[in-house]
Every structure is written in C-alpha cells, then in structure tokens.
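Descriptive analysis of the structure
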Amino acid sequence: MELTQIRLLVADFPAVYRFYRDVLGLKPQFEAESGPYAKLSPDTGHAAIALQDRAQMAGVLPGLESDPNGYRALVVLRVDDLDAAHAELASRGAEFVRDPGPMGDRMRVAYLKDPEGNLIELQEWLALRERAHSAPA
C-alpha cells in the first residue's frame, strides 16, 4: 500500500481551498476553487492534501451527513489489486462500509473504518488512458 493523500471533507469548499492554496502555499494539481474535489501538494514529497465537498461525498457514501461533526477526514491508500486487498483485509477482520466498485472511469475504490470510525479509502488506479493510446487506430 502507498499513502497518497489525506482527504478533508469540507462544507465551505472555496474558503478551505483558498486557505490551503493562498495561505499555506500548496500547489493545486489543477485549479478547482469551486470544487467538488481538489488535490494540493507541497513543493517536495509525493503525498498531498485533498479536499472534497462533503455533500458530493455523501452521494458516494450514503449516510454521510452534511453535519461537519460527522466524518471530517479520510486516509487514502493506493493498492495494486483492490479485490485482493479487500479479501485480505476482510479476512483480518476489516469491516467495509462499501465494497469495491468504480469511481468514475479512472479508479475503483472501497471504504472501511478503523476502530475509532475513521474512514479509509482503498484505491486501485486503472490504466484507461494508456489503453486508449495503445489501441490500434
């Protein structure tokens, strides 16, 4: 597994985005001041802080209320084989709140909680761009 980001679930996306970009000086992967998602990185290292609109995330995980007293952050881990990681972690007692499934056309995700109820997202990145470029014309 590789830690790729800590994601903050936010209600006032533009204000939080400007804070991380303008006050802390993190560089956005792409400009997205209105959200619903952005990834910002320091000048060095590979990990990043990501922001996601809380209401948008509620569409992915039903039951995630818009109340900021609910989930505020989640840890994102990249795995090479999501189905294998899901099976292995479930065999060790992990309880998933969402089994592996698509997240757009570029990744598959699954969600579990730690003993304190913190969310963990497992991501398997799909190579659709490479396949599209290597397909015969």
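Above this note sits the structure.
Residues numbered from 1 in each chain as written. Predicted model: local features only at pLDDT ≥ 70, side-chain atom pairs only at ≥ 80, totals over all residues. Heavy atoms only, no water.

**Observations concerning the side chain of Glu-124**
Looking at the secondary structure, you find Glu-124 in strand β8 (residues 119-125). Here Glu-124 falls in the buried class, since its relative accessible area comes to 15%. Looking at Glu-124, its side chain comes within polar contact range of the main-chain nitrogen of Leu-82, at 3.4 Å. Excluding its chain neighbours within four sequence positions, the residues that come into contact with Glu-124 are Val-79, Asp-80, Asp-81, Leu-82, Arg-106, Met-107 and Arg-108. (Helix = DSSP H or I, 4+ residues; strand = E, 2+ residues; numbered from the N terminus. Buried < 20%, exposed > 50% of the residue type's maximum accessible area, 1.4 Å probe, protein only. Polar contact = N/O pair within 3.5 Å; in protein donor to acceptor, adjacent residues only side chain to side chain. Contact = heavy atoms within 4.5 Å.)

**Things to note about unusual backbone geometry**
Note the cis peptide between Gly-35 and Pro-36, where omega equals 10°. You can see Pro-36 is positioned in the loop between β2 (27-28) and β3 (37-41).

**A short note on the environment of Ala-110**
Among the structural elements, Ala-110 can be located in strand β7 (residues 107-113). According to the relative accessible area criterion, Ala-110 is buried, its value standing at 0%. For the pair Ala-110 and Arg-98, spaced 12 residues apart in sequence, the C-alpha to C-alpha distance is 5.4 Å.

**Quick word on the pattern of salt bridges**
Counted by the stated rule, this structure contains 10 salt bridges. Among the salt bridges present, the one from Glu-33 reaches Arg-18, with a minimum N-O distance of 2.9 Å. Separated by 15 residues along the polypeptide, Glu-33 in the loop between β2 and β3 and Arg-18 in helix α1 (residues 13-23) bring together distant segments of the chain. By relative accessible area, which is 31% here, Glu-33 ends up partly exposed. (Salt bridge = Lys/Arg side-chain N within 4 Å of Asp/Glu carboxyl O.)

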